[in-house]
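A structural walkthrough
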Amino acid sequence: MMPRCDFCAKLSISHLIELAKVEFESGIIPQQAYYNHHVSLADLESSAVSGCDLCNLIFETLRGVPKYDYEKHASSPHDTYRRWVGGDNMENGCSMLDAARALADTNVKIFIDGEHLWRGDSLDKVRVFDALRIHLGPVPVEQDGFDSDCVTLIMFRSPTSECIVDGFRIGRVLADPDLRSEANFDLARGWLNTCQNEHTTCPKTHTPGLPTRVIDVGDKNRDIKLRLVTTRGRNGRYVALSHCWGGKVTPLLVTDNIDHFENNIVFEDLPLNFQDAISITRELNIRYIWIDSLCIVQDSKADWEQESKMMGLYYGNSAVTIYALTAERSTTGLFQRNTPPLEVGPNPVYLNLFPGTESDQQIKVHAVNVNDEYLTELDLQCPLAFRGWTLQESVLAPRQLYFGHRQIYWKCPREIQSADGLPAGRRTSYHTYPSLITALFGGTLANPSKTAPAVEEVLLDYYRLVEIYSQRQLSFASDKLPAFSGLAQRIHSSIGGDYLAGLWSCDLHRGFAWYHEMTTCRHASNYRAPSWSWAVTDESILFTDEQFKSDEFKMQLISHSITPVHPENAYGQIKCGCLHIRGWVKSLHRSSQSMSFGKFSTGFTLSNAYYDDVVEGDGHLPGNVTTSVRATIDNEDCLITVHEDNKEEQDMEIDFDALLPGQYTVLLIGTYQHHDREDLVMASGLILEQLEDGDGDDFKRAGLMPHMELDPDWLPEWEERRLKLF
């Protein structure tokens, strides 16, 4: 091997850590405490050509990593643009090397960081140093983040020994990409055993009641012989599978083959997802597995109704739930047979932990590859992330074993683990619901908490989950409430009140305050929920998060009537629902008129109006900004919603010919404090449309007016009224 340049020869991990002790914020380029490398890009390139392997790695990484492009990457959920794709795979001028060549000052700086850390994290948050950041040019005085300015190299250690420098763990493990290897099964068994035997903040080990039916997978030391078992109240440990059907699944459990399945299920006849899950169950030394399509009678509506309301319990009681994260359909398998190979990147190098040390005290350094994998990305982009049923499965299961493309992962209430040893943080999962998790598992912990989670915090977690759920898809639209029922049922006792088709009677005001995330949230054509429930739409929604005052203008629930399709399951499908409400209302007219509001005072426009859908004759595209204004029509004080435009400011005159048909009303949900003006009251209002075949007090939801700015002296002019909402 050719000798390294002086700068690389003197570089060591211990030196970088000493610099980090002087100045460190994760994701922030140090102003002074960095390792001074070559003074210019030209010197770096010359050294690489002369044979310095570390300089060559840095140079080739710069050449093979795309430069930051705001239009392409600003909305990207991940920093995949910072990964090596190869200089030959990019257009001229598009690499980090090209960006560096445009700089007048190209001095090279190196500092150490951790991929699990969030931007701005301090040194005391470091659980492992696994990243080297390379920056060229002057250090920006103001930094939005290192993504656009640095390239990253990742450090890996031997799986058989820890690398510790000055108390800090160094490097990750190169995970075995063969997900069915003994090394990966050893990891999975170890995670499960540690959780069951050592985690006081995880559910204690017990032998629960088995689901109605399970698959007996036999002993791993014997040939595979599978059979369906009807448990009849028996207890036992079992695994559950969370997966995407992805189309037709065969075989299925149906009425005609129950007897046959109870005698024998041919392993080779099963789709790969099921074969792999059964193999994993056997390797975990667990006797039974629950798979929905093999344990619920698929041609029996009665059995599906009974079992669907038990799914929350089935996942919650499982010893571990296996997640087929990357399997788009049942035939894909958990042990990925067609995983894209890692792109051939620059040759990795070894770096000394301490100055002048030998090979047994070195760490391996790689470029970040375009096909590298992190749990965060899988969590947001894998097939399971788009399916409605799998959300509650991911929350209700206390112990979760994930199978990705390249490695396995573990999640339980105590921790998140990756086969490569990356700690929990920025790269593992964005979605955590601590209060909800405590509500779900608090009573079953080995060391139960003496205090229940605050209802307010549980509700906030619940609404965030509903938002995520609304982005997901269901094969059958009628499953909208059933696919969330297990979660609602399990947390009901922590929230209290009555469950009202996805809302809670004790927090109805915030439950009402949802609106479309994109342009509309059209109500489903076939009835499945009342109009005021978020379950009425297949489109993504968001909630406001105001804390409403308990004053005279706060809407009151007088009574409610919810009729489930199946009387024994109040959390499932809904036949009909009605709320009797007392509140303050104001007449509303919907207009197709467009206006410019630039020259009018703040108090003139009241609020943006978020209609759930467009109406015939409006003439505006969905998502066009709609604003409510106070007006007088036929001597009646009322509100009108008009569209905003960016045209030249114009006189404020109402075009009565632009009023649209329909009788609308705004119902005050509640008021809250304005953030900086005492002369205004903030409020949220529910937009209601009168039912044509109703009795005058019958309404359905048509939208939401959040963040209304109201004159306190005007509020008493609203009418207090009783309404029925369907």
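Let me begin by describing the structure that accompanies this report. (Residues numbered from 1 in each chain as written. Predicted model: local features only at pLDDT ≥ 70, side-chain atom pairs only at ≥ 80, totals over all residues. Heavy atoms only, no water.)

**As for the overall build of the protein chain**
- Helix and strand content of the protein chain: 18 helices and 31 strands.
- Across its three principal axes, the protein chain shows a C-alpha extent of roughly 90 × 75 × 50 Å.
- Here the protein chain, with 726 residues, has 55% of them falling under the buried criterion.
- Contacts in the protein chain between residues at least 24 apart in sequence constitute 73% of all its contacts with a sequence separation of at least 6.
- Surface exposure of the protein chain reaches about 31900 Å², of which carbon and sulfur atoms provide 47%. (Helix = DSSP H or I, 4+ residues; strand = E, 2+ residues; numbered from the N terminus. Buried < 20%, exposed > 50% of the residue type's maximum accessible area, 1.4 Å probe, protein only. Contact = heavy atoms within 4.5 Å. Areas by Shrake-Rupley, 256 points an atom, 1.4 Å probe, with all protein chains shown as cover.)

**Details of the packing of helix α15 (residues 434-441) against helix α16 (residues 455-470)**
- Two elements in contact, α15 and α16, have axes whose closest approach is 7 Å; the angle formed by their N-to-C orientations is 105 degrees. Between α15 and α16, the crossing angle belongs to the class labelled roughly perpendicular. Where α15 approaches α16, its residues Pro434, Ser435, Leu436 and Ala439 are matched on the opposing element by Glu457, Val458, Asp461, Tyr462 and Leu465.
- Across the contact of α15 with α16, the residue classes tally to six nonpolar, one polar and two charged. (Axes fitted to C-alpha atoms, helices over the stretch in contact; angles between N-to-C directions. Parallel < 35°, antiparallel > 145°, perpendicular 65-115°, else oblique. Nonpolar A, V, L, I, M, F, W, Y, C, P; charged D, E, K, R; others polar.)

**Some thoughts on the side chain of aspartate 420**
- Tracing the backbone through its elements, the reader meets aspartate 420 in the loop between β17 (416-418) and α15.
- In this structure the side chain of aspartate 420 is engaged in a polar contact, spanning 3.4 Å, whose partner is the side chain of arginine 172.
- Discounting residues that sit within four places of it in the chain, aspartate 420 has contacts with Arg172, Val173, Ala175 and Gln407. (Polar contact = N/O pair within 3.5 Å; in protein donor to acceptor, adjacent residues only side chain to side chain.)

**Re the nonpolar core**
- Membership of the largest hydrophobic core comes to 126 residues, with the highest contact counts inside it found for Phe512, Trp534 and Leu725.
- Top contributing element to this core by residue count: α16, with eight residues.
- Each residue touching leucine 725, except ones within four places of it in the same chain, is listed here: Phe512, Trp532, Gly577, Cys578, Leu579, Ile581, Leu667, Leu686, Leu688 and Phe699.
- Listed in part, the 48 residues of the second largest apolar core include Tyr35, Leu57, Met96 and Leu353. (Core = buried A, V, L, I, M, F, W, Y, C linked by side-chain atoms within 4.5 Å.)

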